[in-house]
Amino acid sequence: DAGVIQSPRHEVTEMGQEVTLRCKPISGHDYLFWYRQTMMRGLELLIYFNNNVPIDDSGMPEDRFSAKMPNASFSTLKIQPSEPRDSAVYFCASSKRSGGISYNEQFFGPGTRLTVL
Amino acid sequence: AQSVTQLDSQVPVFEEAPVELRCNYSSSVSVYLFWYVQYPNQGLQLLLKYLSGSTLVKGINGFEAEFNKSQTSFHLRKPSVHISDTAEYFCAVSPVTGTASKLTFGTGTRLQVTL
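## Things to note about the overall build of chain B
So, step 1. Along the backbone of chain B there are zero helices and 12 strands.
So, step 2. Reading the secondary structure of chain B in the N-to-C direction produces β-β-β-β-β-β-β-β-β-β-β-β.
So, step 3. Here chain B has a C-alpha radius of gyration of 14 Å; the compact-globule value for 115 residues is 13 Å, and the two agree.
So, step 4. Projected onto the principal axes, the alpha-carbon positions of chain B cover approximately 45 × 30 × 20 Å.
So, step 5. Split into buried and exposed, the 115 residues of chain B put 46% on the buried side.
So, step 6. Of the side chains in chain B, 8 bear a positive and 8 a negative charge, and the two mean positions are spaced by 10 Å.

## What to know about the pairing of strand β6 (residues 44-50) of chain B
Residues and elements named next belong to chain B.
So, step 1. With five of its seven residues buried, β6 lies for the most part within the structure.
So, step 2. In this structure, strand β5 (residues 31-38) lies alongside β6, joined through six bridges in antiparallel fashion. The residue bridging Y36 from the neighbouring strand is L46, located in β6.
So, step 3. Counted along the chain from β5 to the antiparallel partner β6, the turn is five residues long, and its residue N41 has a positive phi close to 60°.

## Description of the state of the cysteines
Disulfide: a covalent bond connecting the sulfur atoms of a pair of cysteines.
So, step 1. Per the counting criterion, the structure on display carries two disulfides over all chains.
So, step 2. In this model C23 of chain A forms its disulfide with C92 of chain A; the gap between the sulfur atoms is 1.8 Å. Here the S-S torsion is close to -65°, and the disulfide linking C23 of chain A with C92 of chain A is therefore left-handed. Of this pair, C23 of chain A sits in strand β3 (residues 19-24) while C92 of chain A sits in strand β9 (residues 88-95); the two residues are 69 residues apart in sequence, bridging distant segments of the chain. C92 of chain A shares its class with C23 of chain A; the two are buried.
So, step 3. A sulfur-sulfur separation of 2.0 Å characterises the disulfide bridge that pairs C23 of chain B with C91 of chain B. Residues C23 of chain B and C91 of chain B are joined through a disulfide that is left-handed, its torsion about the S-S bond being -65°.

## Examining the nonpolar core
So, step 1. Ranked by size, the top nonpolar core spans 28 residues in total, and within it L33, W35, L48, F74, L76 and Y89 of chain B carry the most contacts.
So, step 2. At the level of secondary structure, the elements contributing two or more residues to this core comprise β2 (10-14), β3 (19-21), β5, β6, β8 (64-68), β9 (73-78), β10 (87-95) and β12 (109-114) of chain B.
So, step 3. Discounting residues that sit within four places of it in the chain, L48 of chain B has contacts with L33, F34, W35, V57, K58, G59, F63, E64, A65, F74 and L76 of chain B.
So, step 4. In terms of nonpolar packing, the next biggest core, distinct from the first, is built from 21 residues, V4, F49, A67 and V116 of chain A among them.

## Details of the side chain of D86 of chain A
So, step 1. Tracing the sequence through the fold places D86 of chain A in the loop between β8 (74-79) and β9.
So, step 2. Other than its neighbours up to four places away in sequence, D86 of chain A contacts R36, R64, F65, I79, P81, L114 and V116 of chain A.

Cut-offs and rules
Residues numbered from 1 in each chain as written. Chains lettered and ligands numbered in written order. Predicted model: local features only at pLDDT ≥ 70, side-chain atom pairs only at ≥ 80, totals over all residues. Heavy atoms only, no water. Helix = DSSP H or I, 4+ residues; strand = E, 2+ residues; numbered from the N terminus. Rg over C-alpha atoms; globule rule 2.2 N^0.38 Å. Buried < 20%, exposed > 50% of the residue type's maximum accessible area, 1.4 Å probe, protein only. Lys, Arg positive; Asp, Glu negative; His and termini not counted. Charge placed at Lys NZ, Arg CZ, Asp CG, Glu CD. Pairing = 2+ DSSP bridges. Disulfide = S-S within 2.5 Å. Core = buried A, V, L, I, M, F, W, Y, C linked by side-chain atoms within 4.5 Å. Contact = heavy atoms within 4.5 Å.

Now the structure itself:
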């Protein structure tokens with residue numbers, strides 16, 4: 001399996017521009033997570049989906065952030081308009097619920113490093 | 001809600017020396033505990049996990065961790081480190097009930113192994 005795929009790996013944009021980050025989860029996984037990593041705040045869960053439905057978006061910082069999962073193999077995280085404080089590494093992760101196991105290992109993608117000038 | 005504290009932001013150690021990375025957590029409910037490792041410019045990968053049973057758990061690359069419920073700790077240890085262990089290590093917790101897949105991470109500990 002190719003693992004979780006994220007694109008682009010690096011994104012540099014100017015303040016005010018729209019940014020779209022993309023994620024392809026591992027085939028067969030039914031949970032998808034978006035995280036943000038910064039030096040100041042560490043790793044933060046932004047939002048997660050189960051079977052393409054957003055379950056918890058309490059970590060989304062503000063209305064400028066939105067996430068979608070139109071099908072089981074694709075998700076986007078959009079920032080509009082972007083600001084310099086959005087500069088961070090954004091990770092996507094996926095997991096698969098199986099049987100009665102109540103914890104499912106999350107598999108992380110390589111991340112997208114976003115720089116907003 | 002849960003929180004995770006990793007007191008050491010950086011741990012320098014010589015190759016073949018033992019190492020311990022500390023992790024303490026706070027939670028009003030029972031939790032599962034994890035250690036993840038992040039190599040430079042890569043995503044996180046699971047090192048080991050405690051779900052139930054024996055409090056001493058063994059993971060990949062010779063790492064182990066011990067769950068201490070009374071001290072709410074889950075310290076990571078390795079008896080002899082290698083240069084290739086240089087990475088960022090994250091402790092994380094997940095509630096046993098409810099949204100069991102939702103992880104709360106610590107701020108990370110950078111392990112720097114030198115010759």
